[in-house]
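Examining the three-dimensional arrangement
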Amino acid sequence: MTAKPVSMLSLIIPTYEEASNIIPLLDVVRSALAGRSFEIIIVDDDSPDLTWQVAEHYARSHSEVRVLRRKAVKDLSGAVMDGFSIARGDVLGVMDADLSHDPVVLTGLWKQIEEGKDVAVGSRRIPGGGAEHWPWHRRLTSRFATLLAQISLGVPLSDPMSGYFMIRRSLYENIRDRARPRGYKILLELVACSGTRSVAEVPFVFKDRQRGVSKLGPAVIKDYLVMLVRLCATRKIDGWRRLYHQTRYGIVRGFLASGRVLDIGCGRPSEFMEDGSFLRSLGTGVGLDVVFCRGLSAFAQGTAEKIPFKSACFDNVVAMEVLEHVPDLAAALAEIERVLKPGGRLVVSFPDDTLLWRGFWAVWERTAGRMWKDSHINNMKAGQWVEVLRRRFHVLTWRRHWGVDVIVQAEKK
């Protein structure tokens, strides 16, 4: 495996009532990471014992330490996400503040990321790992939770309950908008949402906290079970979403003529699919998007209103779920007409703005995450879209897709 360069670690340490632990922890973490580029971000949920104040005082004489005090909510996963949002490193790490995580393991986790892994996890459930002085009921709870995650989600983790891990920032940013962690177990959420199999586990022995009170309780277990159910449902929904795009691709392919294809809006149709997914299914073509795209296809940056290609150079132009986002629809259609050859084929898809579509997407957004409906500028019913297209093109045929989208086949006049 080719190693990927790593320049800086941002280590997030969420805290709540850890005033007696935070200074000893910061000292040993800084010692363990000596010689490397790192920052430590303490995210404190407004602890009554003034953990945040103790950490701020320490940070005044240690520039690599920063403190974020959250006053509104008390939630570990939310604290971690807020820490990620202000982090500067290309690797994001998480560890507990109660001295149960051995800082020496940090170098082992970092090494796995340097060697190319997307996620490195401190695991209690591989040879060399374990837990000190755990009562039988806590061991049983942990084993049962692990078994549930492995059976229901199939994640490549022996210890999905671990709160000690590192993740590549690029992987996190790909799933940031759809991750909705709840409670104390953010690792499982990140791995399940990303679908990554590039995971390494490093053994460590979980130590009982030396000071303070454990936060594990019935509410934590409940949050974990709720998260499992939601992740299982999300995985099923993701399968439907993939099928939705693939079936649309099949219809669009059938509407194309032979020759060169331009796919406008070729970026990822969903967060778990790649740039140029349609072109990959087609096996040829050029992609155009407002953002920079990566992949096997030829990509260019630009907009539908200003296409960076010479006139009459494409036999086909495809625009799936694009025109509803375009501020100047007339300019976009004029540009498409310009780059098409005489008799060239235009295939577009867009939402059919009916009550069925609105209800469908209201449910979809609540279950599958952001779907860009908020950026729709041109909301029209199927007949209205067809009439707009007829002003510049011969509309050959159109059909609905899943009852909510319309796919139109047209030809340059």
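Coordinates for the structure precede this section.
Structure report, in brief. Note that this is a predicted model, so its numbers are computed, not measured.

A few words now on the pattern of salt bridges. Applying the stated criterion to the full structure yields 17 salt bridges. In this structure, Asp315 and Lys341 form a salt bridge, with 3.4 Å as the shortest nitrogen-oxygen distance. Within this pair, whereas Asp315 is found in strand S13 (residues 314-320), its partner Lys341 is found in strand S14 (residues 340-351), the two being separated by 26 residues in sequence. Take Lys341: its relative accessible area is 31%, and that puts it in the partly exposed class. One network of salt bridges, in which partners are shared, links Glu39, Arg66 and Arg88.

Counting through the fold element by element, Gly93 comes out in strand S4 (residues 91-94). Given a relative accessible area of 0%, Gly93 falls into the buried group. Put simply, Gly93 and Val80 are 13 residues apart on the chain and 9.3 Å apart in space, counted from C-alpha to C-alpha. Leave out the neighbours within four places in its chain, and Gly93 touches Leu9, Ser10, Leu11, Ile12, Phe84, Phe165 and Met166.

Bringing a nonpolar patch on the surface into the picture now. A grouping of Trp240, Leu243 and Trp402 is seen on the molecular surface, where their side chains present a nonpolar patch of about 320 Å² in accessible area. Among the structural elements, Leu243 can be located in helix H8 (residues 218-255).

This next bit is on the side chain of Lys412. Tracing the chain through its elements places Lys412 in strand S16 (residues 405-412). Salt bridges are absent for the buried Lys412, whose nearest opposite-charge side chain, Glu337, sits at 6.0 Å. A polar side-chain atom of Lys412 sits 2.9 Å from the main-chain carbonyl oxygen of Glu337. Among the polar contacts made by the side chain of Lys412, one reaches the main-chain carbonyl oxygen of Leu340 at a distance of 2.7 Å.

We now examine helix H3 (residues 76-86). A large share of H3 lies buried, amounting to eight of its 11 residues. Residues Leu76, Ser77, Gly78, Ala79, Val80, Met81, Gly83 and Phe84 constitute the buried set of H3. Tucked inside the fold, the buried residues of H3 contact strand S1 (9-15), strand S2 (38-44), S4, strand S7 (165-168), helix H6 (169-175) and helix H7 (186-194).

So, on to the sheet that holds strand S11 (residues 286-289). With mixed pairing, seven strands are arranged side by side in an open sheet as S12-S11-S10-S13-S14-S16-S15. Every other strand in the sheet has two partners, leaving strand S12 (298-301) and strand S15 (393-401) as the edge strands with one partner each. Neighbour-to-neighbour, the strand axes of the sheet open up by a mean angle of 20°, direction not taken into account. Inspection of the sheet shows S15 paired to S16 by eight bridges, in the antiparallel sense. Bridging across to S16, Val395 finds its partner in Ala410. Helix-sheet contacts for helix H10 (residues 329-339) involve strand S10 (261-264), S13, S14, S15 and S16, and the interaxial angle to S14 is about 145°. Sitting on the sheet, helix H12 (residues 382-390) is in contact with S14, S15 and S16, with an inclination near 160° to S15.

Within helix H2 (residues 51-59), burial applies to Thr51, Trp52, Ala55, Tyr58 and Ala59. Buried residues along H2 cover an arc of 125° about the axis, so they all sit on one side. In the core, the buried residues of H2 are packed alongside S1, helix H1 (19-32), S2 and strand S3 (65-69).

This next bit is on the nonpolar core. Core analysis: the largest hydrophobic core is formed by 37 residues, its most contacted members being Phe84, Val119, Phe165, Ile167, Leu188, Leu190 and Tyr224. Top contributing element to this core by residue count: H7, with seven residues. Sequence-distant contacts of Phe84, that is, excluding residues within four places in its chain, are made with Ile12, Leu92, Gly93, Val94, Ile167, Arg169, Tyr172 and Leu190. If you look at the next biggest cluster of nonpolar residues, it comprises 34 residues, including Ile264, Leu288, Ala304 and Phe314.

It is worth spelling out the packing of aromatic side chains at this point. All chains considered together, the criterion is met by six aromatic pairs. Judged by centre distance (4.8 Å) and plane angle (70°), the rings of Phe84 and Tyr172 are edge-to-face. Remark: Tyr172 occurs in helix H6 and Phe84 occurs in helix H3; sequence separation between them is 88 residues. The two residues Phe84 and Tyr172 agree in class, both being buried.

Strand order in this open sheet of seven strands is S3-S2-S1-S4-S7-S5-S8, and the pairing throughout is mixed. Whereas interior strands pair on both sides, the edge strands pair on one side only; in this sheet they are S3 and strand S8 (199-203). Each adjacent strand pair in this sheet contributes to an overall mean axis angle of 20°, direction not counted. Here three bridges tie strand S5 (residues 119-123) to S7, and the two strands are oriented antiparallel to one another. Directly across from Val121, in S7, lies its bridge partner Phe165. With respect to the sheet, H1 is in contact with S1, S2 and S3, its orientation differing from that of S2 by roughly 160°.

Definitions and limits used
- Residues numbered from 1 in each chain as written.
- Predicted model: local features only at pLDDT ≥ 70, side-chain atom pairs only at ≥ 80, totals over all residues.
- Heavy atoms only, no water.
- Salt bridge = Lys/Arg side-chain N within 4 Å of Asp/Glu carboxyl O.
- Helix = DSSP H or I, 4+ residues; strand = E, 2+ residues; numbered from the N terminus.
- Buried < 20%, exposed > 50% of the residue type's maximum accessible area, 1.4 Å probe, protein only.
- Contact = heavy atoms within 4.5 Å.
- Patch = residues over 30% accessible without salt bridge, like charges linked within 9 Å, V, L, I, M, F, W, Y side chains within 5 Å.
- Areas by Shrake-Rupley, 256 points an atom, 1.4 Å probe, with all protein chains shown as cover.
- Lys, Arg positive; Asp, Glu negative; His and termini not counted.
- Polar contact = N/O pair within 3.5 Å; in protein donor to acceptor, adjacent residues only side chain to side chain.
- Pairing = 2+ DSSP bridges.
- Axes fitted to C-alpha atoms, helices over the stretch in contact; angles between N-to-C directions.
- Arc of directions from axis to C-beta.
- Core = buried A, V, L, I, M, F, W, Y, C linked by side-chain atoms within 4.5 Å.
- Phe/Tyr/Trp six-rings, centres within 6.5 Å; stacked < 30°, edge-to-face > 60°.

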